[in-house]
Structure formats: C-alpha cells, structure tokens
Amino acid sequence: MALTIIALEKAGRKSSGWNGDHGKIAHALEVKDGQRERDLEGGTTAALCGAAPSGRGSWSSHQSEAVTCPKCLKKLASAVALN
Ligand SMILES: [Zn+2]
C-alpha cells in the first residue's frame, strides 16, 4: 500500500517565525485515500507528529521540498518499516 506524504510548513505571519518553528520546519502530512494534496495545502490537518497550525494559522499553501521535522521523520521511518 502506497503511503503518500507531502511536506508542509506552518504558514507564519512572516517567514521569520511562528510559535518557535522559525517557519522552517516542514512537517509530513499523509494524503489519505480520497484526499488530494490540495485538500491539505493551506489546511489545518494534523501532521504525522501531531503538530498542527495553532490558533487561526494554517499550513503553507505550497509544498516544501523535504520533510525536516525530526518527529515526523521518525514516524515516517517506522511507517515505512511496517510496509
Ligand atoms: Zn512534524
């Protein structure tokens, strides 16, 4: 079974920071069956590590090149191992 993952950063007011994430951490979001990547971009679905945009924030509307969140990467590694 294929696991579809996209990398999204929290969209901050500025690129300089949002809740200490510095706007630079890209989390992994799973694209589940029936979902499209567009459904997650700019949304508030929780990432693999459980992180989600807080308050009125949302994910960035464009994908990052790679997942950089250590917790998400760990989850990804175990998910791949299971498959
Ligand atoms: Zn994460």
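About the cut-offs
- Residues numbered from 1 in each chain as written.
- Predicted model: local features only at pLDDT ≥ 70, side-chain atom pairs only at ≥ 80, totals over all residues.
- Heavy atoms only, no water.
- Helix = DSSP H or I, 4+ residues; strand = E, 2+ residues; numbered from the N terminus.
- Buried < 20%, exposed > 50% of the residue type's maximum accessible area, 1.4 Å probe, protein only.
- Contact = heavy atoms within 4.5 Å.
- Areas by Shrake-Rupley, 256 points an atom, 1.4 Å probe, with all protein chains shown as cover.
- Donors = N, O, S within 2.8 Å, 3.2 Å for Na, K, Ca; no water.
- Tetrahedral: all angles 85-135°; square planar, octahedral: opposite > 155°, others 65-115°.

Caption draft 1: Spotlight on the overall build of the protein chain. When you go through the protein chain residue by residue, the secondary structure sums to two helices and two strands. Each helix and strand of the protein chain, ordered N terminal to C terminal, gives the series β-β-α-α. Out of the 83 residues in the protein chain, the part that is buried amounts to 30%. A separation of at least 24 residues holds for 50% of the contacts in the protein chain among residues at least 6 apart in sequence. A total of about 5,600 Å² of accessible surface is found on the protein chain, and carbon and sulfur atoms cover 50% of it.

Caption draft 2: Structural context of the coordination of the zinc ion. Coordination of the zinc ion by the protein comes from His 27 (ND1), Cys 49 (SG), Cys 69 (SG) and Cys 72 (SG), over a distance range of 2.0 to 2.4 Å. In this structure, the zinc ion is coordinated by four donor atoms arranged in tetrahedral fashion, with angles at the metal of 101 to 123°. Sequence positions of the residues that donate to the zinc ion give the spacing H-x21-C-x19-C-x2-C. Of this pair, His 27 sits in strand β2 (residues 26-31) while Cys 49 sits in the loop between α1 (37-40) and α2 (70-82), placing them 22 residues apart in sequence. Here His 27 falls in the buried class, since its relative accessible area comes to 5%. Given the relative accessible area of 23%, Cys 49 is considered partly exposed.

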